[in-house]
Amino acid sequence: MSVYELNIGEIACALLQEGAAFMDRDSVIARYPNADPADVAAALGDGEPAGSLNLPLITSGGLRILVDVGFGEAVPGMGGVLRGLDQLGIAPGDIDLIYLTHFHGDHIAGLCDSSGAPVYANACYLCLQAEWEEWMARWDKAGDEVNLARFHGLSERFSFVEDGDEIAPGVQVVALPGHTYGHSGLLLESRGERLLHVVDLLHQPFQLEHLDWHFGFDSDGAMAVETRKRTLERCVKEDLLTFFYHLDFPGLGKLRRAGQGYAFEPIA
């Protein structure tokens, strides 16, 4: 069970590991469609591919905000968010807001239980409108009645936010388009301390050196590249504590320039 607690000024954070889903090398290599597979293999090296799912619980202004929900307990090896909440003495019904960074399965599947009932029964939900519109259209075209039913069932509890909106004291929306059109993160700022949650800005550490490599699940690979370059440079220039969804737990550290790219220095 993995929980990492820290404070950003007066904002309390608990970083939760939903699980560690390590993928085989061939699957990882195949996920970078505009790169030579041999180059991806070389960049991957001999180590295991990264495969953690890390997400934050933020407490600010009396609100408990869970940012994404992971796969949930239906997927073997997952369910760490619920176990982490239990470790903290927090029940799912205690969550006030769920901020959805985007609608890929590893971020939303845990919203409902096996019967289709909301896991976080008392929560309201926030996302960018572009994210909602993209996935309602995609699921409708694909005939995905399960996700359509789940999200339409929750629609009365959904509100849309925009880049720059403050959803709680010191918690600001940051649009990060490209991975999906409404992909977004959060900037936490309090008492001179700051943390930027960049979510799926990258999925493997080697993308810090190979900034132009698209990821197979990007809605717009070129847009994702531009967002990645701009955001990583911002993290360096502003000396931001940076939090990644998919790097090794807790996915937290600082970035610095290294050659033509960047290096990540995990928090000790």
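These remarks concern the structure in this document. Treat the numbers as computed from the prediction; the structure is a model and nothing was measured. Along every chain, residues carry numbers that run from 1 in the direction the sequence is written. Note on the predicted model: pLDDT of at least 70 is required for a residue's local features to be given, and 80 or more for side-chain atom pairs to be given and counted; whole-chain, interface and lining totals, by contrast, use all residues. Hydrogens are left out, water is left out, and the side-chain values use all remaining heavy atoms of the structure.

Concerning unusual backbone geometry
The residue after Phe249, namely Pro250, is reached through a cis peptide bond having omega 5 degrees. In this fold, Pro250 is placed in the loop between β12 (241-244) and β13 (252-258). Unlike most non-glycine residues, Asp68 shows phi in positive territory, near 70 degrees. Tracing the sequence through the fold places Asp68 in the loop between β4 (63-67) and α3 (80-87). Notably, Asp239 is not glycine yet its phi reads approximately 50 degrees, a positive angle. Only runs of H or I of at least four residues qualify as helices and only runs of E of at least two qualify as strands under DSSP, and these elements are numbered from the N terminus.

As for the layout of surface pockets
Computed from the structure, the largest pocket encloses a volume of approximately 390 Å³. Cavity and pocket criteria rest on a 1 Å grid covering protein atoms alone: a 1.4 Å probe that fits but cannot get out defines a cavity, protein on both sides within 12 Å along at least 5 of 7 lines defines an open pocket, and an atom within 4 Å of a point defines a lining residue. Lining of the largest pocket is provided by 19 residues; of these, Met23, Arg31, Asp106, Phe217 and His246 occupy positions nearest its centre. Here the lining of the largest pocket is composed, by residue class, of 9 nonpolar, 7 polar and 3 charged. Grid points are joined across faces, edges and corners, and a volume is the space filled by probe spheres set on the points. As a working rule, the residues Ala, Val, Leu, Ile, Met, Phe, Trp, Tyr, Cys and Pro are called nonpolar, Asp, Glu, Lys and Arg charged, and the rest polar, with Gly in that last group.

Digging into the sheet that holds strand β2 (residues 11-20)
For two strands to pair, DSSP has to find at least two bridges joining them. In space, the 7 strands of this open sheet follow the order β1-β2-β3-β4-β5-β6-β7, with mixed pairing throughout. Strands at the two margins of the open sheet, each flanked by one partner only, are β1 (3-8) and β7 (158-161). Here the average twist between neighbouring strands, direction ignored, is 25 degrees. Examined bridge by bridge, β1 and β2 share 6 bridges and lie antiparallel to one another. Directly across from Val3, in β2, lies its bridge partner Leu16. Residues count as neighbours in contact if any of their non-hydrogen atoms are within 4.5 Å of one another. Whenever a helix is involved, its axis is fitted only over the stretch in contact; in every case the axis is a line through C-alpha atoms, and angles between N-to-C directions fall within 0 to 180 degrees. Running over the sheet, α3 touches β1, β2, β3 (52-60) and β4 and is turned about 140 degrees from β2.

Considerations on the sheet that holds β13
The strands that make up a sheet pair up through hydrogen bonds in the backbone, lying either parallel or antiparallel. Pairing is mixed across the open sheet formed by 7 strands, whose spatial order is β8-β9-β10-β11-β12-β13-β14. Only two strands of the sheet have a single partner each, and these edge strands are β8 (166-168) and β14 (261-266). When the angles between neighbouring strand axes are averaged without regard to direction, this sheet yields 35 degrees. Alignment of strand β10 (residues 184-190) against strand β11 (residues 193-199), held across 5 bridges, turns out to be antiparallel. Counterpart to Leu188 in the pairing with β11 is Leu195. The sheet strands contacting helix α7 (residues 221-237) are β9 (171-175), β10, β11, β12, β13 and β14, and the helix crosses β13 at an angle near 100 degrees.

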